[in-house]
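Letter by letter, the chains look like this.
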Amino acid sequence: MRSIEYIELFEQLRTPFYFYDTGLLQKTLFAIKSAASLFNYTLHFAIKANANDTILKKISKYGLGADCVSANEIQKALNNGFVAEKIVFAGVGKTDDEIAYAIEREIFSINCESLQELEVINQIAVQKNKKVRVALRINPNVDAKTHEHITTGIISNKFGISFNDLQYIVCQRNNYQNLVIDGVHFHIGSQITDLEVFEKLCQAVNEILKYLQNNKFYVQHVNLGGGLGIDYSSPENQIPDFQAYFSLFNKNLNLLPSQKVHFEPGRSIVGQSGVLISRVLYVKDNGLQKTLILDSGFTELLRPALYQANHKIVNLSSAKGQMIYDVAGPICETSDYFGKSVMLPETKRGDIIAILSAGAYGEVMASNYNLRAPVAKYFSHEMQKITEDTLLTL
């Protein structure tokens, strides 16, 4: 991305826009598929991380399934090459219409998050005279040691079925005549970089599986969610160590020979492949601090404002000198900053700024607050087309 060819092109394009390195995406897909295949693990891409059609088409061609949290995501997956037999439907608040849609599309599994939801799924399955495969999402009370807004596996979170409710379901299993409850699902959070957390997850999963087996309640698939983080501070570490990640589960899980393991990676696949390209509108100096005002804000990349997330920020137009800047957007909110006290080359109006590691939860969380217009998206494999066609319209 730092090549002169890219920089010259970026300078001519209208900013802000998302740029995706599809070559890196394909290398990452190859790496995760190769690592998962060593243990015969099944992968479902978490569409909530990135729902760009071009990105989804490339991921589906690698044979991954889809992890969806709405009926619209299921439809998006089907429209972009994912097969119904590899789609799982999660989410703590599925509507009746969404459940009915999932049943009609005959997806692989609905990941159920509450006792009442299980009853609703069964009722709709009875109405449609269908047998529906369900996995029970269980809250294992494991702290993911990540930001509180993206921690999902402790008992105070809204997600998952408690152990008490699991005991009730086991006792009442014969009452769900239209459900095939043959899976368990766990997801404890996002952007997890401490692998010891996953060891604790395995311990909790083993205890749940042992309880189920002791009560002659046998499940065929064990879905361990996603959560593996990426290196935001050093994005040159582009591809996570998927082999170490999957090896940990292979070493620590106690499974029956017939049980299959599923994962729902999102960020770890697409995070490093996306970059938000912006332009400096103004350089402000109040005597205490210099502030760069960019033409992109939290309407284009919400994570810094929502999670206090740190993305590496690079000036692609300048390499001279070193100065400290706050980097802000144009939105009429005090929280609209990409970074504080960021060391950058001496920066001026018109310089091109790249905000790295924006491929996950960037474009997909964008809004039109302040009536901001949607931004363009470009892809590295289309560079020649961009050069020949796009610039002619500017």
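Residues numbered from 1 in each chain as written. Predicted model: local features only at pLDDT ≥ 70, side-chain atom pairs only at ≥ 80, totals over all residues. Heavy atoms only, no water.

Undergrad: Help me understand the confidence of the model for the protein, please; the structure alone is not making it clear to me.
TA: Detail in the predicted coordinates should be disregarded across regions flagged by low pLDDT. Counting all residues, the mean pLDDT for the protein is 92, and 91% of those residues have values of 70 or more. pLDDT under 50 marks residues 143-154. Its contacts with residues more than four places away, or in other chains, come to 43 contacts. (pLDDT = per-residue confidence, 0-100. Contact = heavy atoms within 4.5 Å.)

Undergrad: Explain the pattern of salt bridges to me, please; I cannot follow it from the model alone.
TA: Once the charged atoms of two side chains with opposite charge are near each other, the side chains can pair. In total, this model carries twelve salt bridges according to the counting rule given. A salt bridge links Arg372 to Glu300, with the nearest nitrogen and oxygen atoms 2.9 Å apart. Here Arg372 is found in the loop between β15 (352-355) and β16 (376-379), whereas its partner Glu300 is found in the loop between β11 (290-294) and α11 (303-307), with 72 residues between them in sequence. Classification of Glu300 as buried rests on a relative accessible area of 3%. Residues participating in the shared-partner salt-bridge network are Glu104, Arg105 and Lys128. (Salt bridge = Lys/Arg side-chain N within 4 Å of Asp/Glu carboxyl O. Helix = DSSP H or I, 4+ residues; strand = E, 2+ residues; numbered from the N terminus. Buried < 20%, exposed > 50% of the residue type's maximum accessible area, 1.4 Å probe, protein only.)

Undergrad: Can you walk me through the nonpolar core in this structure?
TA: What tends to happen in soluble globular proteins is that the nonpolar side chains get buried as a cluster. Core analysis: the biggest nonpolar cluster contains 94 residues, and Phe246 and Phe249 have the highest contact counts within it. Here this core gets nine residues from one element, more than from any other, and that element is helix α8 (residues 196-214). Excluding its chain neighbours within four sequence positions, the residues that come into contact with Phe249 are Tyr41, Phe198, Leu201, Cys202, Leu224 and Phe263. Counting 16 residues, the second-largest nonpolar core is a separate cluster that includes Ile7, Val275, Ile352 and Tyr378. (Core = buried A, V, L, I, M, F, W, Y, C linked by side-chain atoms within 4.5 Å.)

Undergrad: I keep staring at the sheet that holds strand β6 (residues 132-137) and nothing clicks. Help me out?
TA: Whether parallel or antiparallel, the strands of a sheet pair through hydrogen bonds between backbone atoms. Here eight strands make up a closed barrel; going around it, the order is β2-β3-β4-β5-β6-β7-β8-β9 and the pairing parallel. The average undirected angle you get between the axes of adjacent strands in this sheet is 30 degrees. (Pairing = 2+ DSSP bridges. Axes fitted to C-alpha atoms, helices over the stretch in contact; angles between N-to-C directions.)

Undergrad: Explain unusual backbone geometry to me, please; I cannot follow it from the model alone.
TA: Residues apart from glycine generally show negative phi values, whereas peptide bonds are mostly found in trans. Across the junction of Thr15 and Pro16, the peptide omega takes the value -5 degrees, indicating a cis bond. With respect to the secondary-structure elements, Pro16 resides in the loop between α1 (4-12) and β1 (17-20). Non-glycine residue Asn40 carries a positive phi angle of around 60 degrees. For Asn40, the position within the fold is in the loop between α2 (22-37) and β2 (42-46). One non-glycine residue, Ser357, lies in the positive phi region at around 55 degrees. Within the secondary structure, Ser357 sits in the loop between β15 and β16.

Undergrad: Help me understand the packing of helix α5 (residues 96-104) against helix α6 (residues 115-128), please; the structure alone is not making it clear to me.
TA: Two packed helices can be described by the angle between their axes and the distance between those axes. Packing of α5 against α6 brings their axes to within 10 Å, and their N-to-C directions diverge by 55 degrees. Classified by the interaxial angle, the pair formed by α5 and α6 is oblique. Between α5 and α6 lies a crossing whose hand is right-handed. Between α5 and α6, the contacting residues are Asp96, Ile99, Ala100, Ile103 and Glu104 on the first element and Val120, Ile121, Ile124, Ala125 and Lys128 on the second. Partitioning the contact of α5 with α6 into residue classes produces seven nonpolar, no polar and three charged. (Parallel < 35°, antiparallel > 145°, perpendicular 65-115°, else oblique. Left-handed = near helix turned anticlockwise from the far one by under 90°. Nonpolar A, V, L, I, M, F, W, Y, C, P; charged D, E, K, R; others polar.)

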